[in-house]
Amino acid sequence: MKVQFLLLASVLNCSAVWAADEAKTDPVTEDGVVKIVWQNPKDFRDIKSSGEIQSRYEKRLFDTLTTNINKEAAKVLKPNQKLEMTVTDVDLAGDMRPTFGATADDLRVVKDLYPPRMSFSYQVLENDKVIIAGDEKLADMGFMSGIQSVNEKPFMYETKMLSDWLKKTVAPKL
């Protein structure tokens, strides 16, 4: 019994050392003219998954938002321009609520009380020279008001918030 315990203890100790040795890097996503560094996602206010492995959910979130903002940026930016962002906080629309055993996973409840929010710095580069730079703290308080199309695309509120920012803030400066 003691031998098994010692063996298990040594394996767990080695695993802890290996995990500590892994250097966590900030995820980076790129698509077309957009490059986004997601700085310390573990510190983001709310990017919780409701039924998916958290690391896969984060990857899907980051890839989806990068792809969606690239679609808008490609319309706004000139061919030799690029948008680079460093995201420091994300709070997805809605709030996670426990189901207390009714289902296996928590549920995201989307109400106008829980708007999408995002903080980031950005720069627009033209031929590798910065032409526009700034810091933003976005919140779409009216994300559920107005005419809404029946749209079940993932992260649609966050995508709309970023698209509106791009059109209203970046496009006029170009």
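Note: the structure precedes this text.
The rules behind each value
- Residues numbered from 1 in each chain as written.
- Predicted model: local features only at pLDDT ≥ 70, side-chain atom pairs only at ≥ 80, totals over all residues.
- Heavy atoms only, no water.
- Helix = DSSP H or I, 4+ residues; strand = E, 2+ residues; numbered from the N terminus.
- Contact = heavy atoms within 4.5 Å.
- Expected span 1.5 Å × (residues − 1).
- Buried < 20%, exposed > 50% of the residue type's maximum accessible area, 1.4 Å probe, protein only.
- Pairing = 2+ DSSP bridges.
- Axes fitted to C-alpha atoms, helices over the stretch in contact; angles between N-to-C directions.
- Parallel < 35°, antiparallel > 145°, perpendicular 65-115°, else oblique.
- Left-handed = near helix turned anticlockwise from the far one by under 90°.
- Nonpolar A, V, L, I, M, F, W, Y, C, P; charged D, E, K, R; others polar.

> Kindly report on the environment of A171, identifying the contributing residues and their values.
Position of A171 among the secondary structure elements: in helix 3 (residues 156–173). For A171 and L77, which are 94 residues apart along the polypeptide, the C-alpha to C-alpha distance reads 7.6 Å. Not counting residues within four places of it along the chain, the set of residues in contact with A171 comprises V76 and L166.

> Got a sec to walk through helix 3? Specific residues and values, please.
End to end, helix 3 covers 25 Å across 18 residues, agreeing with the expected 26 Å (1.5 Å per residue, within 8%). Residues of helix 3 that are buried include every one of Y157, E158, T159, M161, L162, S163, W165, L166 and V170, and no others. Looking at the buried side of helix 3, the elements it contacts are helix 2 (54–76), strand 3 (81–91), strand 6 (117–126) and strand 7 (129–139).

> Hey, could you go over helix 2 for me, with residue numbers and the actual values?
The first and last C-alpha atoms of helix 2 sit 33 Å apart over 23 residues, in line with the 33 Å expected at 1.5 Å per residue. If you check which residues of helix 2 are buried, you get Y57, E58, L61, F62, T64, L65, T66, N68, I69, N70, E72 and A73. Tucked inside the fold, the buried residues of helix 2 contact strand 1 (28–31), strand 2 (34–38), strand 5 (107–109), strand 6 and helix 3.

> Before we move on, could you go through the environment of K129 and cite the residues and values that matter?
Summarising the element assignment, K129 is placed in strand 7. When the C-alpha atoms of K129 and Q81 are compared, they prove to be 9.2 Å apart, with 48 residues separating the residues in sequence.

> With reference to specific residues and values, describe the pairing of strand 7.
Strand direction decides the pairing type here: strand 6 and strand 7, joined by 10 bridges, are antiparallel. Bridging from a neighbouring strand, R117 pairs with A139 of strand 7. Taken together, strand 6 and the strand that follows it, strand 7, pair antiparallel across an intervening segment of two residues, in which N127 is found at a positive phi of about 55 degrees.

> Could you give me a rundown of the sheet that holds strand 7, with the residues and numbers involved?
The pairing of strands in a sheet happens through backbone hydrogen bonds and is either parallel or antiparallel. Spatially, 1-2-3-6-7 is the arrangement adopted by the five strands of the open sheet, whose pairing is mixed. Each having just a single partner strand, strand 1 and strand 7 make up the two edges of the open sheet. Across the sheet, the axes of successive neighbouring strands diverge by a mean angle of 15 degrees, strand direction being ignored. Note: strand 3 against strand 6, 10 bridges, orientation antiparallel. Each residue of the ladder has a partner; that of E84, found in strand 6, is Q123. Sheet contacts for helix 2: strand 1, strand 2 and strand 6; angle to strand 2, the most-contacted strand, approximately 150 degrees. Running at roughly 40 degrees to strand 6, helix 3 makes contact with strand 3, strand 6 and strand 7 of the sheet.

> I'd love a proper account of the side chain of D91, names of residues and values included.
Within the secondary structure layout, D91 lies in strand 3. The exposure class assigned to D91 is buried, which follows from its relative accessible area of 12%.

> Hey, could you go over the packing of helix 2 against helix 3 for me, with residue numbers and the actual values?
Look at helix 2 against helix 3: their axes get within 10 Å of each other, and the N-to-C directions meet at 25 degrees. Between helix 2 and helix 3, the interaxial angle falls into the category roughly parallel. You can see that helix 2 and helix 3 cross each other, and the crossing is right-handed. Across from L65, N68, I69, E72, A73 and V76 in helix 2, the residues of helix 3 making contact are E158, T159, L162, S163, L166, K167 and A171. Tallied by class, the residues present in the contact of helix 2 with helix 3 amount to seven nonpolar, three polar and three charged.

Taken by themselves, the reported measurements are silent on function.
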